[in-house]
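# Report on the structure
So the chains spell out like this:
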Amino acid sequence: MVNKNQVLGVILAGGQSRRMNSEPKWQLMLGNQMIIQHVLRKFTPQVSEFIINGVAPELEQFKCPVIGDSVQGSLGPLAGILTGLEYAENKGFQWLATCPCDSPFFPSDYVTILAQAITEEDANGAVVKSGGRMHGVFGLWSVKLASDLRKALEETDLRAIGQWIDLYANVATVSIETATDAFFNINTPQDLEKARHYHSL
């Protein structure tokens, strides 16, 4: 059984934002707040403590540890997950909840839903599936996965979360369907306009 007190949260904010002309996505405005502020409001009550995976000095304004990738090479979201897992393990947490910095509309209880699936399926983790797609950045992971993930990243060409789940980890996939695209993430200027439309409804 997953206890909230055993869960560290990590907000993944280490992407290079190439499709946003390298402007950090977390810093973009949605209404009168930055996107990451919307994420923080929904995510932090779902975990015991949280950190941010990123390198921008401006992230320190959110009064939490800001941790760069613990593995070299800009390896994408899996590097952020590994960083969170290793930090969580070192701090005595048993679980890591992950959330991207560019998806402000997710449910305020998805971590609880994933925790229930882990208990029911005796899994090492769980990720969200919605609209026929897996959203691997929305996950809950046992810190026991850290060493195997580091080995896979360092010794293979593994880069995709879905591939890691299929090949290396006993992870449940949990369908969470909502009236709107709750796990929609903002990658392009067009996505930002869509998000601002959602936010105005």
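As a reminder, the structure under discussion sits directly above these lines.
Attention in this report is confined to the structure presented alongside it. (Residues numbered from 1 in each chain as written. Predicted model: local features only at pLDDT ≥ 70, side-chain atom pairs only at ≥ 80, totals over all residues. Heavy atoms only, no water.)

## Side note on the overall build of the protein chain
The following threshold applies: Counting from the N terminus, the helices are the DSSP runs of H or I reaching at least four residues and the strands are the DSSP runs of E reaching at least two. When we talk radius of gyration, it's over C-alpha atoms, and the globule rule is simply 2.2 Å times the number of residues to the 0.38. The buried label applies to any residue whose accessible area, calculated with a 1.4 Å probe on protein chains only, is under 20% of its type's maximum; exposed applies above 50%, and partly exposed to all values in between. Here, residues are in contact when the closest pair of their heavy atoms is within 4.5 Å. Under the convention used here, a 1.4 Å probe and the Shrake-Rupley method define accessible areas, while residue burial counts only the protein chains that appear.
What the protein chain contains, in helices and strands, is 6 helices and 9 strands. Its C-alpha atoms give the protein chain a radius of gyration of 16 Å, within 12% of the compact-globule value 17 Å for 201 residues. In terms of principal-axis extent, the alpha carbons of the protein chain reach across some 40 × 35 × 30 Å. For the protein chain, the proportion of its 201 residues judged to be buried stands at 51%. The contacts in the protein chain between residues at least 6 apart in sequence include a share of 71% that link residues at least 24 apart. Accessible surface for the protein chain amounts to roughly 9,800 Å². Of this, 46% is attributable to carbon and sulfur atoms.

## Structural notes on the nonpolar core
Test applied: Residues grouped as a nonpolar core are buried Ala, Val, Leu, Ile, Met, Phe, Trp, Tyr and Cys residues, joined through side-chain atoms within 4.5 Å.
By size, the foremost hydrophobic cluster in this structure holds 46 residues, and its most contacted members are Ile11, Trp26, Ile36, Phe43, Ile52, Tyr110 and Leu140. Ranked by residues supplied to this core, first place goes to helix α3 (residues 110-121) with 6 residues.

## Some thoughts on the sheet that holds strand β4 (residues 49-53)
Rules: Pairing between strands requires that DSSP locate at least two bridges from one strand to the other. For helices, the fitted axis covers only the stretch in contact; all axes are lines through C-alpha atoms, and the angles between them, taken along N-to-C directions, range from 0 to 180 degrees.
Spatial strand order, β5-β4-β1-β6-β8-β7-β9: 7 strands in an open sheet with mixed pairing. This sheet does not close on itself; its edge strands, each paired only once, are β5 (66-67) and β9 (171-175). Bridge count for β4 against β5 is 2 bridges, and the pairing is parallel. Bridging across to β5, Asn53 finds its partner in Ile67. Where α3 meets the sheet, its contacts fall on β6 (95-100), β7 (125-130), β8 (133-142) and β9, and the angle it forms with β8 comes to roughly 70°.

## A short note on the environment of Glu23
Structurally, the position occupied by Glu23 is in the loop between β1 (7-12) and β2 (29-30). Judged by relative accessible area, which is 42%, Glu23 ranks as partly exposed. Taking the C-alpha atoms as reference points, Glu23 and Glu121, separated by 98 residues in sequence, lie 40 Å from one another.

## Section: helix α1 (residues 35-43)
Burial runs high along α1: 7 of the 9 residues are buried. Along α1, the residues that are buried comprise Ile35, Ile36, His38, Val39, Leu40, Lys42 and Phe43.

## Here we look at the pattern of salt bridges
When the charged atoms of two side chains lie near each other, side chains of opposite charge can form a pair. Rules: What counts as a salt bridge is simple: a side-chain nitrogen of Lys or Arg found within 4 Å of a carboxyl oxygen of Asp or Glu.
Taken as a whole and judged by the stated rule, the model has 4 salt bridges. Two residues, Asp102 and Lys25, come together in a salt bridge whose shortest N-O distance is 2.6 Å. In this pair, Asp102 is assigned in the loop between β6 and α3 and Lys25 in the loop between β1 and β2, connecting sequence segments 77 residues apart. Lys25 carries the same exposure label as Asp102, and that label is buried. Connected through salt bridges with shared partners, the residues Glu86, Arg150 and Glu154 form a single ionic network.

## A closer look at the layout of surface pockets
This is how it is decided: Cavity and pocket criteria rest on a 1 Å grid covering protein atoms alone: a 1.4 Å probe that fits but cannot get out defines a cavity, protein on both sides within 12 Å along at least 5 of 7 lines defines an open pocket, and an atom within 4 Å of a point defines a lining residue. Grid points are joined across faces, edges and corners, and a volume is the space filled by probe spheres set on the points. Gly is placed with the polar residues, together with every amino acid not listed as nonpolar (Ala, Val, Leu, Ile, Met, Phe, Trp, Tyr, Cys and Pro) or charged (Asp, Glu, Lys and Arg).
In this structure, the second largest pocket occupies an estimated 160 Å³ of space. Looking at the second largest pocket, the residues that line it are Met1, Val2, Asn3, Lys4, Val7, Pro45, Gln46, Val111, Thr112, Ala115, Gln116 and Thr119. The dominant element in the lining of the second largest pocket, judged by the number of residues it contributes, is α3, at 5 residues. Looking at the lining of the second largest pocket residue by residue, the classes come out as 6 nonpolar, 5 polar and 1 charged.

## Things to note about the state of the cysteines
Here is the rule: By disulfide we mean two sulfur atoms from cysteines, separated by a distance within 2.5 Å.
Inspection of the entire model under this criterion finds 0 disulfides. This cysteine, Cys64, is not joined by any disulfide, and Cys101 carries the nearest cysteine sulfur, 12 Å off.

## Considerations on the packing of aromatic side chains
Applied cut-off: To pair, rings of Phe, Tyr and Trp, with the six-membered ring standing in for Trp, must have centres within 6.5 Å; the planes then decide the type, stacked if under 30 degrees apart, edge-to-face if over 60, and tilted in the middle. Here, a charge over a ring means that NZ of Lys or CZ of Arg falls within 6 Å of the ring centre while also lying within 35 degrees of the ring normal.
Under the criterion given, the structure shown has 10 aromatic pairs. Taking the centre distance of 6.5 Å and the plane angle of 15° together, the rings of Phe43 and Tyr110 count as stacked. Taken together, the residues Phe43 in helix α1 and Tyr110 in helix α3 connect sequence positions 67 residues apart. Judged by relative accessible area, Phe43 falls into the buried class, the value being 0%. A residue is classified by how much of its surface remains accessible, and Tyr110, at 0% relative accessible area, is buried. Summarising the aromatic geometry, the rings of Tyr110 and Phe138 are spaced 5.2 Å apart at their centres and angled 85° between planes, so their arrangement reads as edge-to-face. Here Tyr110, found in helix α3, pairs with Phe138, found in strand β8; they are 28 residues apart in sequence, far enough to count as distant. Taking relative accessible area as the criterion, Phe138 reaches 1% and is therefore assigned buried. What links up through ring pairs into an aromatic cluster is the set Phe43, Phe106, Tyr110, Phe138 and Phe183. A cation over a ring is seen here: Lys42 above Phe106, with NZ or CZ 5.8 Å from the ring centre.

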